[in-house]
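Listed below are the residues making up each chain.
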Amino acid sequence: MGQKKDLTGSEKSKIVRYLAEECSSLKIAKLLKRDHRTIKRFIQNSQQGRKKRVEKPRRKITAYELRKVKRAAAKMPLATSLAIFQSCNITGVPKSTRCAILRDMAKVRKAERRPPLNNTHKLKRQDWAKKYLKTDFSKVLWTDEMRVSLDGPDGWARGWIGKGQRAPVRLRRQQGGGGVLVWAGIIKDELVGPFRVEDGVKLNSQSYCQFLEDTFFKQWYRKKSASFKKNMIFMQDNAPSHVSKYSTAWLARKGIKEEKLMTWPPCSPDLNPIENLWSIIKCEIYKEGKQYTSLNSVWEAVVAAARNVDGEQIKTLTGSMDGRLLSVLAKKGGYIGR
């Protein structure tokens, strides 16, 4: 029973299946011949890996002052190093030293954006996780839209500037210079699309269905076998154009209805693995603070970035769903991150 060995993907999937069969964690440990504590840790937080060994911090101040800094950093998230040290009445410490001390106990990060979850949302997320606990997620097509602008998201154009060099000038345009709406899907290890929504088209129920007809159904779905279509589950979020009576009836006529159309809990982008695909694509197209001069050029960049995403990356995203379900249940419907 190797306690120090990470669980494999196959073992994680088996744990989810055993839980669905109402096996206890102790019984699962015996079935897999693994340490009981390893199984319990995975069930409690399935997306957390083993913690890496952290070197002892370099202490340029006394141990007492260090404890004060640590408490202040916990109470003042997103504060500067100067503000943290001043709150502790510690003066005369250079910025480089302050940052070195804080780097051993903290990390520079942006504030996380989370959907506003209330108690009803959390209950619905738990119900959703319980409903799909036994689902074979390799049969689920995860879909979503993403808007990409010419200038990229605010705050992305950051990087190291050499001494004596000036920071490059960036264009500052209203609403990021305009953008392109992109739709895509992922299933197992395959990327569907991306497909571009025609410029100027607002996706209401009618235009959304027409878009799916011209792209997804004609260019991808129609080429699939009858057995694939029979088993595929279509996932979409709760955007008004997706869940309207018109769109639901139209998809039903296409054979996507009842159990083949996944119900989706409210305020749950963290549960959709395609959101991670969007992050991969955006990191690629906006790397080194890149900007674009036309909508066609940014669209070409999206297509090129999507081509570079291999099947293993997509399989990792779609294969993460068992862990996401367990995390939702462990956190009682709370936000699980991405």
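See above for the structure.
As the structure is a prediction and not an experimental result, all values here were calculated from the model.

Peer 1: What is the right way to read the pairing of strand β3 (residues 190-196) from this model?
Peer 2: Side chains on a regular strand alternate between the two faces of the sheet. For strand β2 (residues 179-187) and β3, the ladder comprises 5 bridges, and the chain directions are antiparallel. Paired with V182 across the bridge in β3 is R196. Turn length for the β2-β3 hairpin, with the two strands adjacent in sequence and antiparallel, is 2 residues, and the turn residue K188 shows positive phi of about 55°.

Peer 1: What is the right way to look at the packing of aromatic side chains in this model?
Peer 2: Under the counting rule described, the total for this entry stands at 15 aromatic pairs. Ring geometry for W128 and Y132: centres 5.7 Å apart, planes at 50°, overall tilted. Residue classification places Y132 among the buried residues on the basis of a relative accessible area of 4%. Centroid distance F216 to Y221: 5.5 Å. Interplanar angle 35°. Geometry classified as tilted. In this structure an aromatic cluster arises from ring pairing among W183, F195, F211, F216, F217, W220, Y221, F228, F234 and W250. Sitting over the face of the ring of F228, K224 holds its NZ or CZ atom 5.3 Å from the ring centroid.

Peer 1: I would appreciate a short explanation of the sheet that holds strand β1 (residues 140-149) in the present structure.
Peer 2: Strands pair in a sheet through their backbones, by hydrogen bonds, and they do so in one of two ways: parallel or antiparallel. With mixed pairing, the 4 strands of this open sheet are ordered in space as β3-β2-β1-β4. If you trace the sheet from one side to the other, it starts and ends with β3 and β4 (233-235), each paired once. For this sheet, the mean inter-axis angle between neighbouring strands, taken without regard to orientation, is 20°.

Peer 1: How should helix α2 (residues 25-32) be read in this particular structure?
Peer 2: Quick reminder: α-helices carry 3.6 residues per turn. Residues three or four places apart thus point the same way. Along α2, the positions that sit buried rather than exposed are I28, A29 and L32. Buried positions in α2, seen along its axis, are confined to an arc of 100° and lie on one side of it. Elements in contact with the buried residues of α2: α1 (9-20) and α3 (36-44).

Peer 1: I would appreciate a short explanation of the nonpolar core in the present structure.
Peer 2: Most often, soluble globular proteins keep nonpolar side chains buried together rather than apart. Ranked by internal contacts, the top residues of the largest apolar core, which has 52 residues, are W128, W142, V148, M262, I281 and I285. Each of two domains, domain 1 (9-45) and domain 3 (119-156 + 177-331), supplies a minimum of three residues to this core. Those residues in contact with V148 that lie beyond four places of it in its chain are G178, G179, V180, V182, K282, I285, Y286, V298 and V302. Membership of the second largest hydrophobic core comes to 22 residues, among which are Y208, W220, M232 and W250.

Peer 1: I tried to follow unusual backbone geometry on my own but got confused; where do I start?
Peer 2: That bond from G193 to P194 is cis: its omega, 5°, falls within 30 degrees of zero. At E22, a position not held by glycine, the phi torsion is positive, near 65°. Within the fold, E22 resides in the loop between α1 and α2. We classify E22 as exposed; its relative accessible area is 74%. Phi angles above zero are rare outside glycine, and E258 is one such case at about 50°. Residue placement: E258 occurs in the loop between α11 (245-253) and α12 (274-285).

Peer 1: What am I meant to see in the environment of A239 here?
Peer 2: Counting through the fold element by element, A239 comes out in the loop between β4 and α10 (240-243). Counting along the chain gives 35 residues from A239 to N204, while the straight-line C-alpha distance between them is 9.5 Å.

Peer 1: Would you mind showing me how to read the pattern of salt bridges here?
Peer 2: Pairing is possible between side chains of opposite charge, provided their charged atoms come close. Using the criterion set out here, one finds 9 salt bridges in the structure. The partner of E190 in a salt bridge is K224, and the shortest N-O contact between them spans 3.4 Å. One end of the pair, E190, is in strand β3; the other, K224, is in the loop between α8 (205-219) and α9 (226-231), and 34 residues separate them in sequence.

Peer 1: It is not clear to me how the packing of α8 against α11 should be interpreted in this structure. Could you clarify?
Peer 2: Each pair of packed helices can be described by the angle between their axes along with the distance between the axes. Running from N to C, α8 and α11 point in directions that differ by 30°, and their axes come no closer than 8 Å. If you check the angle between α8 and α11, you find them roughly parallel. With respect to the hand of their crossing, α8 and α11 are arranged in right-handed fashion. Counting all contacts with α8, which are made through S205, Q206, Y208, C209, L212, E213 and F217, the residues of α11 involved are Y246, S247, W250 and L251. For the contact of α8 with α11, the class distribution of residues is 7 nonpolar, 3 polar and 1 charged.

What counts, and at which threshold
- Residues numbered from 1 in each chain as written.
- Predicted model: local features only at pLDDT ≥ 70, side-chain atom pairs only at ≥ 80, totals over all residues.
- Heavy atoms only, no water.
- Pairing = 2+ DSSP bridges.
- Helix = DSSP H or I, 4+ residues; strand = E, 2+ residues; numbered from the N terminus.
- Phe/Tyr/Trp six-rings, centres within 6.5 Å; stacked < 30°, edge-to-face > 60°.
- Buried < 20%, exposed > 50% of the residue type's maximum accessible area, 1.4 Å probe, protein only.
- Lys NZ or Arg CZ within 6 Å of the ring centre and 35° of its normal.
- Axes fitted to C-alpha atoms, helices over the stretch in contact; angles between N-to-C directions.
- Arc of directions from axis to C-beta.
- Contact = heavy atoms within 4.5 Å.
- Core = buried A, V, L, I, M, F, W, Y, C linked by side-chain atoms within 4.5 Å.
- Domains from an automatic or database assignment.
- Salt bridge = Lys/Arg side-chain N within 4 Å of Asp/Glu carboxyl O.
- Parallel < 35°, antiparallel > 145°, perpendicular 65-115°, else oblique.
- Left-handed = near helix turned anticlockwise from the far one by under 90°.
- Nonpolar A, V, L, I, M, F, W, Y, C, P; charged D, E, K, R; others polar.

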